[in-house]
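Spelled out from the first residue to the last, the chains are:
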Amino acid sequence: MSEMPQEVIDEFLTECEELIEDVFDKLRKIEKDGFDDDHINAIYRSIHTVKGSSQLFGFSLIGKISHSMETALDPVRHKIMPLEQRLIDEIYKGMELTSRLIAGVRADGSEPNLSSEIADIAPRIIGHAAAAMNALMPLPGEALVTPADLSHDNSMLQKKPAATSEVKVEPVSPAREPQPKIDTPAPVIPEPVAEVVEIKPKPTPKPKIEDSKPSPQPRNKTMESKTTKASDKGDNGTIRVNVNLLDNLMNRVGELVLIRNQVLQFSKLNNDDEFLKLSQRLNVVTAELQDDAMKTRMQPIGSILTKFHRVTRDLAKELGKEVDLELIGKDTELDKTLIEAVKDPLTHIVRNCVDHGLESTEDRAASGKPAAGKVVIKSYQEGGQIIIEIKDDGKGIDASVIGAKAVEKGVLSGEALANMSEQDIQSLIFAPGFSTAAKVSNISGRGVGMDVVKTNIEKIGGHVEVQSEVGKGTSMLLKIPLTLAIVPAMVVATKGEVFAVPQVKVVELVRVEDSVQGKGIEFLQGKPVYRLRGNLLPLLNLAQVLGLPDADVIDKNDAVNIIVINVDNQLVGLIVDEILDSADIVVKPLSKFLKRITVYSGATIMGDGRVILILDANGLTRSMNHEAALEATTNYGHETKDELHDEISEYLHFDVGLESTCSVPLCLVHRLEEFNSKSISVTGNQRVIKYRGTLLPLISVREALGGTPFDYDSERDVPVIVVSKGEKPFGLVVEQILDVVAMDSQIDSSIKDNDNMLGSVIYDEDVIVVIDALTIIQQLQSKFITQEEVVKQEQAENLRKNHNILITDDIAFFRNQVFKALNEAGYNVDIDVDGQQAFNRFSKAENGHYSLIVSDIEMPNLDGLGLAKAVRGHENGKSIPMIAVTTRSSSRDIEKGKKAGFDVYLEKLDPIRLVSEVDRLIGIEGGESGDVRRKSAN
Amino acid sequence: MATSAESQLTDAKGTPVGGDLQFSTMTVAGRQYGIDVTMVQEIVRPMPMTKIPLAPPYIYGLINLRGQVVTAIGLMELFGIPGKPPEGLMNVICKHEDNLISLLVEEIGDVVEVNSSSFEPTPNTISPDLKKFLSGIYKFNDSLLSIIDISAIMEVLDS
């Protein structure tokens, strides 16, 4: 049925969604307050309408399921059979299915294939009716009754002779007292079977705009089940308008407001009374227009709140809890886009409330609370904001538990925790990666919840707060701006530039008149701070953050204005020159390429037509933290470079399923791959995988570190770090690749309990195990070495023992690697940390003491090139072989190295190649002696 | 300049060009450039400009175009042409995928019609910093017109 224009289908869907919500609402009321004629009739009518219109549109599945519900409800409605809880449950399921179908149609234009579910549920629903019918009325035909036969009398449980199929117009019914409320909204299509309709026969599908019946009313969810009031003449009708049109209208009004501001300002400069009067008129009308335009986009928040009855009901059933949900202030109106934006966060909070907040029924009984937990969602307007409060009477948030958890999860340190207030600790539930549920359920507990709630609410300029009392309950406050487009803001100036700061983030304004020490601005480690009522308030100089000229001077003699802003519950003071005004500003987005400058959230046009930038509080503080972080790393780098001849290297962090995170120097990593465990095969005892035309042997890092073997059996993606040793690649199998991190190369090798570890490094307060990838590989290789090779190797090792090698490298890690490679091969090795030291050692040694020199190129004091020149210039150094081992290996670098006197130029760091080159130059074991300069000293 | 543009922009035979494409012409650092007229929304006189601290130097600032905030780009800086542009630059407001940007130029010339046959790709001798913003060259009898590629500009800005 896709020939239908999309708007018509959209309208149909919207109407269905509204009807479905209404049905849920009525079902809940029935469950709560017991059987009610009006409600049953309303439900019946809604389902009937869904059925009718879905058939009209050719959505047969929706038609089918609603037909079954309609059939089942009919006898109930006519009091032929009582309404059983079982039927209510079935109707719930049926409606759930219907709403899934509707959602499916909305998403891809056709009904999702849920026929099996429908085939499952529809007969069950109809079964109710059939059972009732069979029991009561062994009559054939449709189980329908004419209303004429019914009276209000509750004794009417016996079936009057059925009047079989009926005409649309029942002449008697509307006049008769018994069913004043069975008045249906005009059915969208003619119904073949009996149906109570109004007297005036309605021509079938009529444009809804003229439809005086409120049932498909889009905006008013609180529609009474009392159906049409007599006074409803149609002049109060609603029309459906495309949202884009409303958006355009809003934008135009926004522009009009700006022009109005300009006119007003201009009129004040003129002394023309008439003009002034006119502009005042314009002012008033514009304000009203703005108000009305805003209202067109407003929707009662009830449209999303009522859904929560279903959400809590389902969830409570699943968890075996009893929950009583109360909604207050459903009529509170909110901008449509905001309604959409708060929907998901609200759902999450409500689910959290039921899942974590409320105790189990037994626990509640034990603490003397009523069995049914209470959740209240209250929404109201306060000070230009909409407040949505979600309150439960559950166990509350225990600050000590939260705190302990946060420390355990590494969200913060124990020290930091000790300094926090109870409220701050409770707010930790918004920290990323935090979840208090002891066990992970499919409902919540994955630790991705509350921080997402917070970010989503903040994205729309809102704010989340939590208040909780242990044992009494928790309440969450969502503070949301009334509308996205217009924001109250402070207008400030600094160094002649004007900016706007949204007022949501502003806590207070402080004017520091007296800048005498102790009272005014102080400097802590060069950073300005201010004592605000005894607490230190970190300050940001706006001009400095923005890089304005002459920014770095805070004039100590002048008064200073500080805007205290709250970012993530941290107060920061923004130093500005002047606070000019407060104004309602219309936020205009910035070009995409300006969004990278995170200190701005947009721009606005002032009354005088001038454009000003809106500052983003989050962005400003982020820039502050970033600066601090940068400073920290530079200090760090500075210190290590000068004093330790060490430097920051990059490491790849990964998880192998052991307690500590593991790490490997990035320079050893060739590639990162992910293989499906199914494609891994076994040769002998070795796992291998086809990789770029060769076989890649796989080694489990966990096993190498003494842990359990890797589980290759279950099908999954296996992350593999490909490391090259010599020409050959090897795959290190890990559980998860985490990150590439710059760390100090100062590896503490004293703490190691395994030969496959190089040692440990402290990073971010965590101990990181640095694995010795090359040793791990070597162990694997050694398994395959033949006896012959072993003998050969032993011979070579014996020969090497006669040679002394001098190595120099300023980076401890590489130095150790080179040392290890040569030392294990059998050479005697001396180490120096820079070229100067190495040369001193060399020049002091006897002629011929050293057989070879291995040197880094980049070193402090005397670099590798300098060392080579010095050695070649020395009387003992004319012919000693020299190898450069470096990261710099462009052909120009090699050229330079050769010129300075190096024989071989090797890239960092391939120990096998290094040893073989050393062997070759010294002349051990098959080494080609042709171009060896050195004549053996022995 | 604006008056002379017509006489300048004649085709190879010396007759005025009556082609299938139209370009707005403009001057940046004394040289002539063209932009496809369909990309140009309007030309606006020099406007008061709000500076954007921390933005790259070719971003001059924001202007208020009848209630819309438009970012102004200095072409001279963007093209990497050394020197200081004069005061009072004209705004060529261009629309690209619903985004408005203003390209700041010294002078506005006429709209010229050109024949697609007189097109040539930008020669390789032009510095790559400039060449990436040009979609090609149109030849006239006594002058050449470099065509500015708006989408290339947006791409560079966005990257």
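Residues numbered from 1 in each chain as written. Chains lettered and ligands numbered in written order. Predicted model: local features only at pLDDT ≥ 70, side-chain atom pairs only at ≥ 80, totals over all residues. Heavy atoms only, no water.

Chemist: How should I be thinking about helix α24 (residues 891–900) of chain A in this particular structure?
Modeler: Think of an α-helix as 3.6 residues a turn; residues three or four steps apart then line up on the same face. All names here are of chain A. Residues Asp 893, Gly 897 and Ala 900 constitute the buried set of α24. The arc that holds every buried residue of α24, seen down its axis, measures 65°, which confines them to one face. With respect to the buried face of α24, the exposed residues turned more than 90 degrees away are Ser 891, Arg 892, Glu 895 and Lys 899. For α24, the elements touching its buried residues are α23 (864–873) and β34 (904–907). Gly 901, located one to two residues past α24, shows a positive phi value of around 130°. (Buried < 20%, exposed > 50% of the residue type's maximum accessible area, 1.4 Å probe, protein only. Helix = DSSP H or I, 4+ residues; strand = E, 2+ residues; numbered from the N terminus. Arc of directions from axis to C-beta. Contact = heavy atoms within 4.5 Å.)

Chemist: So what exactly am I meant to see when it comes to the sheet that holds strand β6 (residues 90–96) of chain B here?
Modeler: In a beta sheet, neighbouring strands pair by backbone hydrogen bonds and run either parallel or antiparallel. All names here are of chain B. Judged by pairing direction, the sheet is mixed, and its five strands sit side by side in the order β3-β6-β7-β5-β4 without closing on themselves. Since the sheet does not close on itself, it has two edges, and those belong to β3 (40–44) and β4 (59–65), each with one partner. Adjacent strand axes in the sheet meet at a mean angle of 30°, parallel and antiparallel pairs treated alike. Pairing geometry for β6 and strand β7 (residues 99–105), over seven bridges, is antiparallel. Residue Asn 91 lies in a different strand from β7, and its bridge partner there is Leu 104. Most of the contacts of helix α4 (residues 150–158) go to β7, to which it runs at about 100°, and overall it touches β5 (68–74), β6 and β7. (Pairing = 2+ DSSP bridges. Axes fitted to C-alpha atoms, helices over the stretch in contact; angles between N-to-C directions.)

Chemist: How should I be thinking about the pattern of salt bridges in this particular structure?
Modeler: A side chain of one charge can pair with a side chain of the opposite charge if their charged atoms are brought near each other. All names here are of chain A. Scanning the model with the defined rule gives 29 salt bridges over all chains in all. Between Asp 89 and Lys 317 there is a salt bridge, and its shortest N-O distance comes to 3.5 Å. Of this pair, Asp 89 sits in helix α4 (residues 85–108) while Lys 317 sits in helix α9 (residues 307–319), placing them 228 residues apart in sequence. Given the relative accessible area of 52%, Lys 317 is considered exposed. The residue Glu 917 makes a salt bridge to Arg 920 at a minimum N-O spacing of 2.8 Å. With Glu 917 and Arg 920 both in helix α25 (residues 911–922), this residue pair falls three residues apart, about one helical turn. Because the salt bridges share partners, they merge into one network encompassing Glu 31, Asp 89, Arg 313 and Lys 317. (Salt bridge = Lys/Arg side-chain N within 4 Å of Asp/Glu carboxyl O.)

Chemist: So what exactly am I meant to see when it comes to the nonpolar core here?
Modeler: Here is a general trend for soluble globular proteins: nonpolar side chains tend to be buried in one another's company. In this structure, Tyr600(A) and Leu103(B) are the most contacted members of the largest nonpolar core, which totals 62 residues. Top contributing element to this core by residue count: α4(B), with four residues. Filtering out sequence-adjacent residues up to four positions away, Tyr600(A) remains in contact with Phe499(A), Leu546(A), Leu590(A), Leu613(A), Ile614(A), Leu615(A), Asp616(A), Ile52(B) and Pro53(B). Val375(A), Ile386(A), Ile390(A) and Ile397(A) belong to the second largest nonpolar core, which has 40 residues in total. (Core = buried A, V, L, I, M, F, W, Y, C linked by side-chain atoms within 4.5 Å.)

Chemist: How should the interface of chain B and chain A be read in this particular structure?
Modeler: Many authors give the size of an interface as the accessible area that is lost as the parts come together. Listed as interface residues are 22 residues of chain B and, on the opposing side, 26 residues of chain A. Buried surface at the junction of chain B and chain A, summed over both partners, amounts to about 1,800 Å²; 63% is from carbon and sulfur atoms. Among the residues chain B hides against chain A, the three largest losses belong to Pro53(B), Leu54(B) and Val69(B). Together they make up 30% of the total. Across the chain B-chain A interface, the total number found is two salt bridges. Here Lys51(B) makes a salt bridge to Glu497(A), at a shortest N to O gap of 3.6 Å. Breaking the side of chain B that touches chain A down by element, the ones donating at least two residues are β4, β5, β7 and α4 of chain B. Residues belonging to the side of chain B that touches chain A are distributed by class as follows: 13 nonpolar, six polar and three charged. (Buried area = accessible area lost by both parts, 1.4 Å probe. Nonpolar A, V, L, I, M, F, W, Y, C, P; charged D, E, K, R; others polar.)

Chemist: Explanation requested: a negative patch on the surface in the structure shown.
Modeler: Residue and element names in this part refer to chain A. On the surface, a cluster of negative charge is contributed by Glu 415, Asp 764, Glu 765 and Asp 766. Among the secondary structure elements, Glu 415 is positioned in helix α13 (residues 414–418). Look at Glu 415 and you get exposed, because its relative accessible area is 68%. (Patch = residues over 30% accessible without salt bridge, like charges linked within 9 Å, V, L, I, M, F, W, Y side chains within 5 Å. Areas by Shrake-Rupley, 256 points an atom, 1.4 Å probe, with all protein chains shown as cover. Lys, Arg positive; Asp, Glu negative; His and termini not counted. Charge placed at Lys NZ, Arg CZ, Asp CG, Glu CD.)

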